[in-house]
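Fold and geometry: a report
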Amino acid sequence: QVQLVESGGGLVQAGGSLRLSCAASGSMWTFNTMGWYRQTPRKERELVATITSDGDTNYADSVKGRFTISRDNTKNTVHLQMNSLKPEDTAMYYCNVEAVSDQAVGVSVDAWGQGTQVTVSS
């Protein structure tokens, strides 16, 4: 099994910053693309940012220039530094990891964290 543990959510004022972290664990799994998604009651889940095992990043247009995604491959951890936060960023943020089995050929999973709430007030 692949397990994800998230942390870093909270309540901040507009213009403030938060840093989200997600640690992936699981024996004999290789963690490829890691990323963050967010969801509100009236919006479907949307991509925020992703990062490949090689370090290539992809961001939603709405967060470019404000958010930075990074990863530590030795700790299997992905981070999301969120600066200049806006009320529109308020959502439940979910960590996502693509994991491929090191032993079972062709077996992969799309793991999701439990979610961490980010609320931006003004």
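To start, this report covers the structure provided alongside it. Everything quoted here is computed from the prediction, not taken from an experiment.

This next bit is on the sheet that holds strand β8 (residues 77-82). Within a beta sheet, neighbouring strands are joined by backbone hydrogen bonds and run either parallel or antiparallel to one another. The strand order across the open sheet formed by four strands is β1-β3-β8-β7, and the pairing between neighbours is antiparallel. Each of the sheet's edge strands pairs with one partner strand only, and the pair in question is β1 (3-7) and β7 (67-72). Adjacent strand axes in the sheet meet at a mean angle of 15 degrees, parallel and antiparallel pairs treated alike.

Quick look at the pattern of salt bridges now. Per the counting criterion, the structure on display carries four salt bridges. With a closest N to O distance of 3.0 Å, Arg38 and Asp89 form a salt bridge. With Arg38 in strand β4 (residues 29-40) and Asp89 in the loop between β8 and β9 (91-101), the pair connects residues that are 51 residues apart, well separated along the chain. Note that Asp89 and Arg66 form a salt bridge whose closest N and O atoms lie 2.8 Å from each other. In this pair, Asp89 sits in the loop between β8 and β9 while Arg66 sits in the loop between β6 (57-59) and β7, placing the two residues 23 residues apart along the sequence. Its relative accessible area of 11% is what places Arg66 among the buried residues. Taken together, the shared-partner salt bridges in this structure form one network comprising Arg38, Glu46, Arg66 and Asp89.

Cut-off values and rules
Residues numbered from 1 in each chain as written. Predicted model: local features only at pLDDT ≥ 70, side-chain atom pairs only at ≥ 80, totals over all residues. Heavy atoms only, no water. Pairing = 2+ DSSP bridges. Helix = DSSP H or I, 4+ residues; strand = E, 2+ residues; numbered from the N terminus. Axes fitted to C-alpha atoms, helices over the stretch in contact; angles between N-to-C directions. Salt bridge = Lys/Arg side-chain N within 4 Å of Asp/Glu carboxyl O. Buried < 20%, exposed > 50% of the residue type's maximum accessible area, 1.4 Å probe, protein only.

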